[in-house]
Amino acid sequence: MALRATTILPDMIVHFDINRSKSVRAMEEAVQEEQDIFLVTQLDPQVEDPGADQLYAMGCIARVKQIVKLPKGMMRILVEGLERAELVRLTDQEEYLEAEVEIPENSGESLPANVQEAMLRSLKEIFLAYCQENPKVSRELSAQFLGLEDVERLVDQISINLPLEYEQRQKLLEASDLSERYELLGSILANETEIFQIRADIQRKVQERVDKGQREYILREQLKLIREELGDDTSMLDADKFAEAVEKLQASQEVKDKIREEIRRFKNVGYNSSESAVIRGYIETLLSLPWDKESQDNEDLKRAREILDQDHYGLKKVKERVLEYLAVRTLTGKGQGPILCLVGPPGTGKTSIARSIARALEKKYVRICLGGVRDEAEIRGHRRTYVGAMAGRLVQGLQQVKVKNPLMLLDEIDKVSSDYKGDTSSALLEVLDSEQNSHFVDHYVEIPLDLSQVLFIATANDLGTIPRPLLDRMEIIEVSSYTENEKEHIAQEHLIPKQMEANGLKKGQLIIRREALQQVISGYTREAGVRTLERRIGEICRKAARKVLEEDRKRVPVTEKNLEEFLGKIRYHFRKANTSDEVGIVRGLAWTSVGGDTLQIEVNLLPGKGEFQLTGQLGDVMKESARAGISYIRSVAERYGIKKEFFNKHDIHIHIPAGAVPKDGPSAGITMATAMLSAITGIPVRADLAMTGEITLRGRVLPIGGLKEKLLAAKKAGIHTVLVPDENRPDVEEIESEITEGLELVFVKQMDEVLEQALAERKETDGN
Ligand code: ADP
């Protein structure tokens, strides 16, 4: 019979349950025959029906002493091991396992008496050590074993009675010689003893650690009690410090009283309570706010002008508006009037102008980034009952500058949004409204703060996303894109010296030739402002710094030829105008929040049922104006010889390839209409022409915005003629001649005029 995870040794009496049918059959058979059965352990206890190769070779012949039948075909048996036997082969395994076994011959080894005595003593010693470590071995049992005087009996008794693993027993079974068994058992016992020792050691260490933690806790508690008894806990010390600070604070009596009250509460709640930390935070915030502290402004406008000019190239109109604003502010007394808002594409110097204004007025400067703020609490603070409550960003800004009249830059005011956590823009409104902001209440601070002395300046990329009421509070100053020429000046006069200094280069060590700089501007940057340009110049400076050190160069020239060494391959090739006139393709001009761009509108006609399809990155407004365009075309169809049924037999597909920035707005109206008409009539459109303008159903051309950026883009793309709505004439007059130079601007009032300019030639067509 195969055994799972048990090994029987001679003389061992055990009982166990069997349930495998082969085992049950074998047992029944054995009882019928001669009560003896060969028991052998299987190599893997998981195997259900082991063959000869899945059994150990050495097993044990045992006598069945008792059988009890249990329900479900199970059987409980009691057996006694008789002697070792070796499996020779299985003769049958159909119904149950039947095997031929061989009883190993006794080696007849007989050890000299003194050797036996030595073995006996040493085994007893090992066993004793084992019993000391293992509390489970009973005293009676160990006394009984230690009384044995025959080494063989001792080895066998220990092997049988100790709780050993079945693999260990199997090894003992396989060792038929006494000396072999003796050695095996000795090493097993020694090993087990060591494991017990290690276990005890670990337990002791764990216990020690637990005790230590407990001890510290008790000591701490005692310390706290002693402190309280003596009345000198740290909160008292802190409270004194706070009280002292209140006396020095520049604030109204009301504010001071409030803080004193909080200090009283702080003393009462007691050291170490969670509330005390909250009150401490609150008192510290109140003490750090500039209630009545202000810095002295410099109101010298002439100086202000000089500083603005020093820091920034160009921006004439912006500087002028800023100076006017400052003049009015000085004359009317502070704090009145709208808030300045600088609007323009990124990198056009909005933030840096604000910083410059602060410098000019000798005001402290603090920047509050509103981009991505959605939670009203970020502006107005959390109520103190909140876990982890904090003051809003404005209050934090004031804490930072420590005066009540700083210049506060509200950066990216167009990027605030509102969600379920309250209305951020109405919170901002309260801040910016000069009627209300002298009593601004932050939920955390609770005491009204006077923000009327703060000079707020906001920046935005796009006015479109600013809520109307907020917009009404602000005076908009537009900062527009730079021309290449302006960029070159800004780079020469500001960015290059700034970056050289930042990268540790002395004057003359780096020389960027003019052509190289122009190349950097047109080939390595593509932006309305100069932020990337500054970064590229920074890159050049870093490479140059390396050359100065590594190659020991006195000066590093950057020319058009070696520019690639510094910046790698040219990145941008501006989309050029199409080379030949094409049907159904018209170039429009777009304004995006990062500057101007040209966009190519494509129209295809397909046989169909008069459906109308728009694809590409189009906003809703653009789709509406495409529909207006088609209505117009239908109304003038006859004039172009387009048959009435035409629109019922064809589908029109308009596509605007997606640029990096989504575009929306009505200004592509005339462009789409022209493209459709060209596709329908088959008349090509002039390739060197671009246009912008809104269209009405009757074909009137309405004015558009962002003209400067659009013209810049047209010029870069190598466009020759630009169609501009007639009503935009005044805007054109304001644009520097540098931009309009080389462009032929044609002012248009009606679609007729647009088509006349755009369509290359009027062919007679039959409209199919
Ligand atoms: P914005 O706030 O508009 O995104 P920044 O004020 O951060 O742009 O300007 C980016 C960088 O360009 C700054 O280092 C700034 O000094 C520089 N800069 C922008 N415009 C000018 C200018 N007209 N003259 C000098 N430096 C400028």
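Residue numbers run consecutively from 1 along every chain, following the written order of its sequence. Selection of residues for local features in this predicted model requires a pLDDT of at least 70, selection of side-chain atom pairs for listing and counting requires 80 or more, and totals for whole chains, interfaces and linings are taken over all residues. Heavy atoms throughout the structure, all of them, feed into the side-chain values; hydrogens and water do not.

### Thoughts on the site of the ligand
To keep things clear, this is the line we draw: Nearness of a residue to a molecule or strand requires only that one of the residue's heavy atoms be within 4 Å of it. Under this definition, polar contacts are N or O atom pairs within 3.5 Å; protein pairs additionally need one hydrogen-donor-capable and one acceptor-capable atom, and for neighbouring residues in sequence, both atoms have to be side-chain atoms. The protein chains shown are the only cover counted for residues, whose accessible areas, like all others here, come from Shrake-Rupley with a 1.4 Å probe.
Around the ligand sit 19 residues, and of these Gly347, Lys350, Thr351, Arg531 and Glu534 come closest. Contact between the ligand and Thr351: an oxygen atom at 2.2 Å from a side-chain N or O atom of the residue. Contact distances for the ligand include 2.7 Å between an oxygen atom and a side-chain N or O atom of Glu534. Isolated, the ligand exposes 560 Å² of accessible area, and the fraction of that covered by the protein chains is 90%.

### A short note on the pattern of salt bridges
Convention followed: Any Lys or Arg side-chain nitrogen found within 4 Å of a carboxyl oxygen on Asp or Glu counts as a salt bridge. Each helix is a run of DSSP H or I of at least 4 residues and each strand a run of E of at least 2, with the numbering of both proceeding from the N terminus. Buried, partly exposed and exposed residues are distinguished by accessible area as a fraction of the type maximum, computed with a 1.4 Å probe on protein chains only: under 20%, between the cut-offs, and over 50%, respectively.
This structure, assessed with the given rule, holds 51 salt bridges. A salt bridge links Arg260 to Glu247, with the shortest nitrogen-to-oxygen separation between them at 3.2 Å. Taken together, the residues span a long stretch of sequence, with Arg260 in helix α8 (residues 253-269) and Glu247 in helix α7 (residues 234-248) at a distance of 13 residues. Residue Arg260 is classed as partly exposed on the basis of its relative accessible area of 26%. Note that Lys498 is salt-bridged to Glu534, the shortest N-O span being 3.5 Å. With Lys498 in helix α17 (residues 484-502) and Glu534 in helix α19 (residues 531-550), the pair connects residues that are 36 residues apart, well separated along the chain. In this structure Lys498 comes out as partly exposed when scored by relative accessible area, which is 47%. Overlapping salt bridges bring together Lys258, Glu262, Arg265, Glu275, Arg384 and Glu446 as one network.

### Section: the packing of aromatic side chains
The cut-off we apply is this: Pairing of aromatic side chains requires ring centres within 6.5 Å, counting the rings of Phe and Tyr and the six-membered ring of Trp. Pairs whose planes differ by under 30 degrees are stacked, by over 60 edge-to-face, and all others tilted. Our definition puts a charge over a ring when NZ of Lys or CZ of Arg is within 6 Å of the ring centre and also within 35 degrees of the ring normal.
For the coordinates displayed, the defined rule picks out five aromatic pairs. The interplanar angle of 85° and the centroid separation of 5.5 Å between the aromatic rings of Phe646 and Phe647 together place this pair among those described as edge-to-face. Pair check on accessibility: Phe646 and Phe647 agree, each one buried. When the ring centre of Tyr282 is taken as origin, the NZ or CZ atom of Arg384, which lies over that ring, is 3.6 Å away. The residue whose ring lies beneath Lys547 is Phe566, and the NZ or CZ to ring-centre distance is 5.4 Å.

### Describing the sheet that holds strand β16 (residues 612-616)
In plain terms, the rule: One requirement defines pairing of two strands: DSSP has to find at least two bridges between them. Helix axes are fitted only over the stretch in contact, all axes being lines through C-alpha atoms; the angle between N-to-C directions runs from 0 to 180 degrees. Whether two residues touch is decided by their heavy atoms; if any such pair falls within 4.5 Å, the residues are in contact.
Strand order in the open sheet formed by seven strands is β16-β17-β15-β14-β18-β21-β22, and the pairing between neighbours is mixed. With one partner strand each, in any of the chains shown, β16 and β22 (744-748) form the two edges of the open sheet. Each strand of the sheet is rotated relative to its neighbour by a mean of 30°, with strand direction disregarded. Across five bridges, β16 lies against strand β17 (residues 650-656) in parallel orientation. Looking across to β17, one finds that Gln613 is bridged to His653. Its contacts with the sheet put helix α21 (residues 620-635) on β15 (595-607), β16 and β17, and the angle it makes with β16 is roughly 145°. Its contacts with the sheet put helix α23 (residues 669-681) on β14 (585-592), β15, β16, β17 and β18 (689-691), and the angle it makes with β15 is roughly 30°.

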